[in-house]
Every structure is written in structure tokens, then in C-alpha cells.
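Close look at the chain arrangement
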There are 2 protein chains.
Amino acid sequence: MLEIEVKARAIHKEVKIRLDQLGAKYLGVESQEDIYFDHPCKDFSSTDEAFRIRRTNKNCYLTYKGPKIDTKTKTRVEKEIIIRDFDIAIEILKSVGFKDIGVVKKRRQYYHLNGFNVMLDKVEELGDFVEIEKKGGKYDPIEVLDLLKLLNVENQIRKSYIELLIENKFSNNR
Amino acid sequence: MLEIEVKARAIHKEVKIRLDQLGAKYLGVESQEDIYFDHPCKDFSSTDEAFRIRRTNKNCYLTYKGPKIDTKTKTRVEKEIIIRDFDIAIEILKSVGFKDIGVVKKRRQYYHLNGFNVMLDKVEELGDFVEIEKKGGKYDPIEVLDLLKLLNVENQIRKSYIELLIENKFSNNR
């Protein structure tokens, strides 16, 4: 399934005012812990793929994300299943050679607007972001970028949270 | 978790008579479809590992099995989680490079005897087998081999069903 997505740094208070003005529907809040893995015999950061196990306060998921398909957004193929037992799932992936490269922890508030999920993410060690996402919809990068503008948010970031975290660690260690 | 296991060809009718005599408890029957995968960059048949997705009439599972730990039984480390969505799970494993090497379909009748699961397997293309298994118990290969004798079953097989199927295909093609 195609996951059409954009992301940007954002001041949540300001975005919430815009979401209210535009009539967005608040769906709820979730805590998420994502463990990212690198492949046993290739480098996912160079193939622009991602493989992770997510634990929320409700469920666990195993997710594969393919390379980004355009240069404007973070749109990519996503394949995801619900799994049980976060810890054993991690052990299984490690047993077949996947390498744990880091964890992303965040608090995610979900809104729905014009057929998109709008998510306000408070990410540990990184700060506040907005992500706009539609899963399985018709691929139209303009539409999702227009929605970002409508929220008065600029400076889209095409890097993932785990890439940003690894970058931070690297620059802190220099 | 350690999976202590032995397997042998068996005539189910005769084993059932013995199970009755020994007071085994019948637990139920399940249809199972197992897709086995080879690793993206090593050969699981030479490392004696196994990685599979199982679909039964009740659940789906993702399972890793480590190399056999002795020369007498099929005992090995097993790590297993329940997953949802068999077809997407297969897609995810293929996306990260695992190769589908074949499917094992069987009808499995479960019995419980002396702390062990005794399973009567009717395997498509292979025939009738008995497997005796205990998960997470104290490692005692003698105990499980004694139970096999108690059922009057001989000629233990240390190969997995998928190995037997691949062998069959190979010899049929010669």
C-alpha cells in the first residue's frame, strides 16, 4: 500500500489553532516506541528502506517501508501487520541477523482533515513536528503539500526521525 | 524457549490405540499451512535454522527455529509470535529479501500425555507422522525418546517436513 506523507517541524499550539479553524476532527493520542533495524547484508540507509517494530499503548506492529518514490514528499510503499509480543519479535529479527540501530519514542496526537491524517508528534530528543499522511489513496503529492501550506507550516523535512536522531548523535560526538 | 521434539513415521490408527491405553487426552485438530523462507544472504539449510509463517484455522504465527542442539532429537531454540494477516506478512519478508522455499500443509491432531504434546500429522505429499514435543521444559532428550518407545514407534526422523518435501522433489526430478 502507498503511504503518501510529508513532515515538517511545527509549533503544535499554532497548528492546533489552524486545525480548529479548518474543522479538523481530533481522533486521539498514542505513545509510540519504534525500534529500527538494519538489514543483515545490506545497508537500509543507502537503499532508503526502513524496517521497524512499533509498540503503542494499544498494539504492536511490524512494518516495512520501501524507498521514497518522489523528490517532493516522503511517499513510499508501506507494508504493515499487527503482531503480538514486542520483545520476542525483536529477538526473532535479531536471530535472523537484523541489527537494532536505534529507538524513536514519541507522543502522537491524531487529527483527521480532508481525507488525511494529521499527526502532531512530540519526539524525544528531537522536538515537535507535524506529519500529514494518507494510506492507500490515489498518489497526488500536490494535494498533501497543499494541506501542509494550509496549516501554515513550512520547511518540509524528508528525513525520518531515526535518520535525524542518528545525525544528532553523530554531530554531538564530533 | 527450548522446543524438545522428536518425530517419526507412524500408522495413526496404531498410535491412537496406544494413546488411549496410556490415558492421553485428546486436545483437538488443526489445519496448518507453513511457508518456509531462506535467508537473504546465507543458507538456512546449511546453518540448520528455519524461518516460517504458519497459518492455522485459528491464528497466524511467525517462527524462528535455531540449529538442533543434540544428535538424538530435533530439540532446538524456538521463538514465535502471533501475527495478523498471512499474505502481508509474506510480502514483508519477501520485501526484505527472504526467499519462499516451499509450503508444508498438514492436518494435525493434538494429544497431551505425561507433560508432552503428542501430534498426529497427516502431511500432504509425505504421509502420516507422529511428533512429540514439549516447549520450554527442562531439557531431557531421554524422556522424549522414552515416550516415543512407549507409543511403539520406531525410526525417528530428524529432518523437517520441508526438508523431506524438498528431497522428494529433488529425487522425483532426477
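It should be emphasised that the depicted structure is a prediction, and the values quoted were computed from it without experimental measurement.

A short note on the overall build of chain A
Scanning chain A for helices and strands turns up 5 helices and 8 strands. Reading chain A from its N end, one meets helices and strands in the order β-α-β-α-β-β-β-α-β-β-β-α-α. Relative to the 2.2 N^0.38 estimate, which gives 16 Å for 174 residues, the radius of gyration of chain A is 16 Å and therefore close to what a compact globule would have. Going through the 174 residues of chain A one by one, you find that 52% of them count as buried. The contacts of chain A with a sequence gap of at least 6 include a subset with a gap of at least 24, amounting to 65%. Carbon and sulfur atoms make up 50% of the accessible area of chain A, which amounts to about 8600 Å² in all.

Observations regarding the state of the cysteines
Disulfides are covalent bonds that link the sulfur atoms of two cysteine residues. Tallied over the entire structure, the rule returns 1 disulfide over all chains. A sulfur-sulfur separation of 2.1 Å characterises the disulfide bridge that pairs Cys41 of chain A with Cys41 of chain B. Judged by the sign of its S-S torsion, about -95 degrees, the cystine formed by Cys41 of chain A and Cys41 of chain B is left-handed. Of this pair, Cys41 of chain A sits in the loop between β2 (25-38) and α2 (44-47) while Cys41 of chain B sits in the loop between β2 (25-38) and α2 (44-47), on two different chains. Residue Cys41 of chain B is classed as partly exposed on the basis of its relative accessible area of 39%. The cysteine Cys60 of chain B is free of any disulfide, with Cys60 of chain A supplying the nearest cysteine sulfur at 17 Å. Given the relative accessible area of 11%, Cys60 of chain B is considered buried.

Some words on the relation of the copies chain A and chain B
It takes a turn of 180 degrees to lay chain A on chain B, together with a shift of 0.0 Å along the axis; the resulting RMSD is 0.0 Å. Read as a symmetry element, the transformation amounts to a two-fold axis. Of the C-alpha atoms belonging to chain A, the one lying closest to the rotation axis is found on Ile83 of chain A, 2.1 Å away. The residues that chain A uses at the interface reappear at the interface of chain B in 100% of cases, marking a shared surface.

A closer look at the nonpolar core
Ranked by size, the top nonpolar core spans 34 residues in total, and within it Phe51 of chain A together with Phe51 of chain B carry the most contacts. Once residues within four sequence positions are removed from consideration, Phe51 of chain B is found in contact with Ile92 and Val96 of chain A together with Ile35, Tyr36, Phe37, Phe44, Leu62, Thr63, Tyr64, Leu93 and Phe98 of chain B. Counting 20 residues, the second largest nonpolar core, distinct from the first, contains Ile4, Ala24, Leu120 and Val130 of chain A.

So, the interface of chain A and chain B
Quoted interface sizes are often the accessible area lost when the parts come together. Taken together, the contact pairs 22 residues of chain A with 22 residues of chain B. Of the roughly 2000 Å² buried at the junction of chain A and chain B (both faces included), carbon and sulfur atoms supply 72%. When the buried area of chain A at its contact with chain B is split by residue, Ile81, Ile92 and Val96 of chain A rank highest and sum to 28% of it. Seen at the junction of chain A and chain B, the total is 2 salt bridges. Between Glu91 of chain A and Lys79 of chain B there is a salt bridge, and its shortest N-O distance comes to 3.6 Å. Where chain A touches chain B, the interface holds 6 residue pairs in polar contact (both at pLDDT 80 or more). Looking at the side of chain A that touches chain B, the elements with two or more residues in it are β4 (60-68), β5 (76-83) and α3 (86-95) of chain A.

Considerations on the layout of surface pockets
Here the largest pocket defines a volume of roughly 600 Å³. Tyr36, Ala50, Arg52, Lys65 and Ser160 of chain B are the residues nearest the centre of the largest pocket, which is lined by 38 residues in total. When residues in the lining of the largest pocket are grouped by element, the largest group, 6 residues, is from β2 of chain B. Along the lines of polarity and charge, the residues of the lining of the largest pocket split into 10 nonpolar, 5 polar and 23 charged. If you add up the space inside the second largest pocket, you get close to 340 Å³. What lines the second largest pocket is a set of 27 residues, and nearest its centre among them are Arg52, Arg54, Lys65, Arg108 and Glu133 of chain A. Only β1 (2-9), β2, β3 (50-56), β4, β5, β6 (99-113), β7 (116-123) and β8 (127-135) of chain A provide two or more residues apiece to the lining of the second largest pocket. Partitioning the lining of the second largest pocket into residue classes produces 6 nonpolar, 4 polar and 17 charged.

Remarks on the pattern of salt bridges
As a working rule, side chains carrying opposite charge can pair if their charged atoms are close by. Across all of its chains, the model carries 41 salt bridges over all chains by this definition. The salt bridge partner of Asp121 of chain A is Arg108 of chain A, with a shortest N-O separation of 2.8 Å. Of this pair, Asp121 of chain A sits in strand β7 while Arg108 of chain A sits in strand β6; the two residues are 13 residues apart in sequence, bridging distant segments of the chain. The class of Asp121 of chain A is buried, set by a relative accessible area of 0%. For Lys135 of chain B, the salt bridge identified is with Glu80 of chain B, shortest N-O distance 4.0 Å. On the criterion of sequence distance, the pair formed by Lys135 of chain B in strand β8 (residues 127-135) and Glu80 of chain B in strand β5 (residues 76-83) is long-range, its members being 55 residues apart. One network of salt bridges, in which partners are shared, links Glu3, Arg52, Lys65, Glu78, Glu80 and Lys135 of chain A.

The rules behind these values
- The residue numbering used here restarts from 1 in each chain and proceeds along that chain's sequence as written.
- Starting at A for chains and at 1 for ligands, labels are handed out in the order in which the entities are written.
- Side-chain atom pairs in this predicted model are given and counted only at pLDDT of 80 or more, local residue features only at pLDDT of at least 70, and totals for whole chains, interfaces and linings cover all residues.
- Only hydrogens and water are set aside; all other atoms, that is, all heavy atoms of the structure, feed into the side-chain values.
- We count a stretch as a helix when DSSP gives it H or I for four or more residues in a row; a strand needs E for two or more, and each element gets its number in order from the N terminus.
- C-alpha atoms define the radius of gyration, and 2.2 Å times the number of residues to the power 0.38 defines the globule rule.
- The classification of residues rests on relative accessible area computed with a 1.4 Å probe and restricted to protein chains. Under 20% of the type maximum is buried, over 50% is exposed, and intermediate values are partly exposed.
- Residue contacts are counted whenever heavy atoms from the two residues lie within 4.5 Å of one another.
- In short, Shrake-Rupley with a 1.4 Å probe defines the accessible areas, and a residue's cover is counted only from the protein chains shown.
- We call a pair of cysteine sulfur atoms a disulfide whenever their separation is within 2.5 Å.
- Only residues with pLDDT of at least 70 in both copies contribute their C-alpha atoms to the least-squares superposition of the copies.
- Among buried residues, the Ala, Val, Leu, Ile, Met, Phe, Trp, Tyr and Cys ones that are joined through side-chain atoms within 4.5 Å form a nonpolar core.
- Once two parts are brought into contact, the accessible area they lose, counted with a 1.4 Å probe and summed over both, makes up the buried area.
- Think of a salt bridge as a Lys or Arg side-chain nitrogen and an Asp or Glu carboxyl oxygen that are within 4 Å of each other.
- By the criterion applied in these results, polar contacts are pairs of N or O atoms within 3.5 Å in which, for protein atoms, one can donate a hydrogen and the other can accept it, and in which residues neighboring in sequence qualify only through two side-chain atoms.
- A pocket, in this scheme, is an open set of points on a 1 Å grid over the protein atoms alone with protein on both sides within 12 Å along at least 5 of 7 lines, while a cavity is a set where a 1.4 Å probe fits but cannot get out; residues line either one if an atom lies within 4 Å of a point.
- Grid points are joined across faces, edges and corners, and a volume is the space filled by probe spheres set on the points.
- Side-chain classes are defined by residue name, with Ala, Val, Leu, Ile, Met, Phe, Trp, Tyr, Cys and Pro counting as nonpolar, Asp, Glu, Lys and Arg as charged, and the others, Gly among them, as polar.

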